[in-house]
2 protein chains.
Amino acid sequence: MSDRRTEILRAATRVIARRGVRGLRVGELAAEAGVSTSLIYYHFTDRAGILHQTLQFISDRADRYTAEREPGAPPDDPRAELEQMLLLELQDTAEVRENSTAWGELRASAVFEPELREELAMATHTWVHEIAELLGRAHPMGTAPAHAASAERLTALLEGLSVRWLSGSLPLEHARGLLKGAIAAELGRG
Amino acid sequence: MSDRRTEILRAATRVIARRGVRGLRVGELAAEAGVSTSLIYYHFTDRAGILHQTLQFISDRADRYTAEREPGAPPDDPRAELEQMLLLELQDTAEVRENSTAWGELRASAVFEPELREELAMATHTWVHEIAELLGRAHPMGTAPAHAASAERLTALLEGLSVRWLSGSLPLEHARGLLKGAIAAELGRG
């Protein structure tokens, strides 16, 4: 993808994380990205196009930072990989905070803006399948529907904890501890 | 509390559920409630006062509809009471849908509006304590910190499932099944 396009998507994520989806105006986005509004329309057609592509950008970025391996991590331990993939969504770095704020805001705004719903449901399915696949490797004696249900619970819990953290109701370390407890509970049963 | 005041809070909840916290303007609220803006300022002082009182109103209303006993329910079964208290937040009635939409929106907007945070953290603590107390009665051999952590997970999961349901990513019956599974997992372990 072109550098310009990526730069606009990065700027859209910043604007959404700072002011919300409803604060995103094309003129402001152009100023933030340092480009003309016509270049934005050229790449994304309209506001809906910007939102769809930004959702994808945020989702890809989360894929990247949750897949980073810690130095010295064992080469193939599915349980460790699962914990890492979920816990790296609860990190106090500027990138994760911005990404999680924008993701939560896209989710919350889809309650009011139906046009984002299908894209969001698809991104959620992809995420749930990735987690279910890791659960299957960490706990091969379980059934596929049980892994899928566990993955839906763990990702929905993570979203719930994340918005509590970002809105100041829950300290980060405590949120991480609660998520670890949930992973143990999901892996602990038949 | 005065009927007028309640009527304004009911109208504020409707406006938030329809257009979001950021769509709430005092003039629009006055029109929705059928009162003058000066009466709103008389009762609530300012927009922050409206939001604080509406948060309390929404929280009290959820207390009421989650405490309704089904006819023929056993008189004191803490596990059934716990399931009911959580599952009644996932009901397809106009009142629950409106209340949950407004609650999720207040939570999401607190990421952007810090002034709601303390009120929201307090309402969350109250809710977590109620659930922890029921967990303690349903599972008296567990420890208080374990019950508190389970209550934090169950309520955060419920918020996560609720916004997925309201934003069209998750069918209601499926969300209820996932929540029942989480209750079983939390009660199932030491």
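Residues numbered from 1 in each chain as written. Chains lettered and ligands numbered in written order. Predicted model: local features only at pLDDT ≥ 70, side-chain atom pairs only at ≥ 80, totals over all residues. Heavy atoms only, no water.

Our focus in this paragraph is the overall build of chain A. If you tally the helices and strands in chain A, you get nine helices and zero strands. Helices and strands in chain A line up, N terminus first, as α-α-α-α-α-α-α-α-α. For 190 residues, the compact-globule estimate of 2.2 N^0.38 gives 16 Å, and the C-alpha radius of gyration of chain A, at 18 Å, lies within 12% of that figure. Along the three orthogonal principal directions, the C-alpha set of chain A runs to about 55 × 35 × 30 Å. In chain A, which comprises 190 residues, the share counted as buried stands at 56%. Sequence separation of at least 24 residues holds for 66% of the intrachain contacts in chain A that already meet a minimum separation of 6. Split by element, the accessible area of chain A, about 8300 Å² in all, is 55% carbon and sulfur. If you average the places of the 22 positive and of the 28 negative side-chain charges in chain A, the two averages end up 4 Å apart. (Helix = DSSP H or I, 4+ residues; strand = E, 2+ residues; numbered from the N terminus. Rg over C-alpha atoms; globule rule 2.2 N^0.38 Å. Buried < 20%, exposed > 50% of the residue type's maximum accessible area, 1.4 Å probe, protein only. Contact = heavy atoms within 4.5 Å. Areas by Shrake-Rupley, 256 points an atom, 1.4 Å probe, with all protein chains shown as cover. Lys, Arg positive; Asp, Glu negative; His and termini not counted. Charge placed at Lys NZ, Arg CZ, Asp CG, Glu CD.)

With that out of the way, let us pick up the interface of chain A and chain B. Between chain A and chain B, the contact holds 41 residues from the first and 41 residues from the second. Summing both sides of the interface, chain A and chain B together bury roughly 3200 Å²; the carbon and sulfur share of this comes to 60%. It is Phe112, Arg153 and Arg164 of chain A in chain A that bury the most area against chain B; as a group they hold 21% of the surface buried on that side. There are four salt bridges connecting chain A and chain B. In this structure, glutamate 159 of chain B and arginine 164 of chain A form a salt bridge, with 3.1 Å as the shortest nitrogen-oxygen distance. Run the count over chain A and chain B and you get 13 residue pairs in polar contact (both at pLDDT 80 or more). (Buried area = accessible area lost by both parts, 1.4 Å probe. Salt bridge = Lys/Arg side-chain N within 4 Å of Asp/Glu carboxyl O. Polar contact = N/O pair within 3.5 Å; in protein donor to acceptor, adjacent residues only side chain to side chain.)

With that settled, consider the packing of helix H8 (residues 144-166) of chain B against helix H9 (residues 172-188) of chain B. A pair of packed helices is characterised by two quantities: the angle between their axes and the separation of those axes. Residues and elements named next belong to chain B. One way to put it is that H8 packs onto H9 with a least axis distance of 10 Å and a crossing angle of 170°. Regarding the angle of H8 to H9, the classification is roughly antiparallel. In this structure, H8 uses Ser150, Arg153, Leu154, Leu157, Leu158, Leu161 and Trp165 to contact H9, whose residues at the interface are Leu172, Ala175, Leu178, Leu179, Ala182, Ile183 and Glu186. Across the contact of H8 with H9, the residue classes tally to eleven nonpolar, one polar and two charged. (Axes fitted to C-alpha atoms, helices over the stretch in contact; angles between N-to-C directions. Parallel < 35°, antiparallel > 145°, perpendicular 65-115°, else oblique. Nonpolar A, V, L, I, M, F, W, Y, C, P; charged D, E, K, R; others polar.)

Quick look at the relation of the copies chain A and chain B now. With an axial shift of 0.0 Å and an RMSD of 0.0 Å, the rotation relating chain A to chain B amounts to 180°. Taken together, these values place the two copies in the relation of a two-fold axis. Residue by residue, 100% of the interface of chain A is reproduced at the interface of chain B, so both copies engage with the same surface. (Least-squares fit on C-alpha atoms with pLDDT ≥ 70 in both.)

A few words now on unusual backbone geometry. Residue and element names in this part refer to chain A. Phi is positive for threonine 45, close to 70°, though the residue is something other than glycine. You can see threonine 45 is positioned in the loop between helix H3 (37-44) and helix H4 (47-66). Taking the relative accessible area as the measure of exposure, threonine 45 reaches 60% and is therefore exposed.

Applying the stated criterion across every chain, the model contains 32 salt bridges over all chains. The network of salt bridges with shared partners includes Arg22 and Glu105 of chain A together with Arg22 and Glu105 of chain B.

In this structure, Leu179 of chain A together with Leu179 of chain B are the most contacted members of the largest nonpolar core, which totals 62 residues. Broken down by secondary-structure element, the contributors of at least two residues to this core are helix H5 (78-87), helix H7 (117-138), helix H8 (144-166) and helix H9 (172-188) of chain A together with helix H5 (78-87), helix H7 (117-138), H8 and H9 of chain B. For leucine 179 of chain B, the residues in contact, after removing those within four places along its chain, are Leu86, Leu87, Leu90, Leu154, Leu157, Leu158 and Leu161 of chain B. Among the nonpolar cores identified, the runner-up in size contains 28 residues, and Val26, Ala102, Leu116 and Leu120 of chain B belong to it. (Core = buried A, V, L, I, M, F, W, Y, C linked by side-chain atoms within 4.5 Å.)

Here we come to the packing of aromatic side chains. Residues and elements named next belong to chain B. Scanning the model with the defined rule gives two aromatic pairs over all chains in all. For the ring pair tryptophan 103 and tryptophan 127, a centre distance of 6.4 Å and an interplane angle of 80° mean the geometry is edge-to-face. Of this pair, tryptophan 103 sits in helix H6 (residues 94-109) while tryptophan 127 sits in helix H7, and the two are 24 residues apart along the sequence. Of the two residues examined, tryptophan 103 and tryptophan 127, each falls in the buried class. (Phe/Tyr/Trp six-rings, centres within 6.5 Å; stacked < 30°, edge-to-face > 60°.)

We now examine the environment of arginine 14 of chain A. All names here are of chain A. Turning to its location among the elements, arginine 14 is positioned in helix H1 (residues 3-19). For arginine 14, a relative accessible area of 25% translates into the label partly exposed. Separated by 81 residues in the primary sequence, arginine 14 and glutamate 95 place their C-alpha atoms 9.6 Å from one another. Once residues lying within four places of it in the same chain are set aside, the contact partners of arginine 14 are Glu7, Glu32 and Glu98.

All names here are of chain A. Given a rise of 1.5 Å per residue, 23 residues ought to cover 33 Å, and the 33 Å separating the end C-alpha atoms of H8 matches this to within 8%. Taken across its 23 residues, H8 has 19 buried, putting it largely inside the fold. Positive backbone phi, at 80°, marks glycine 168, one or two positions downstream of H8. (Expected span 1.5 Å × (residues − 1).)

This next bit is on H5 of chain A. Residues of H5 of chain A that are buried: Pro78, Leu82, Gln84, Met85, Leu86 and Leu87 of chain A. Taken together, the buried residues of H5 of chain A touch H4, H7, H8 and H9 of chain A.

Residues and elements named next belong to chain A. Mean pLDDT for chain A: 92, with 95% of residues reaching 70 or above. Within chain A, the lowest mean pLDDT, 92, falls on H5, and the highest, 97, falls on H8. Among the scores for the predicted complex, ipTM is 0.92 and pTM is 0.93. (pLDDT = per-residue confidence, 0-100.)

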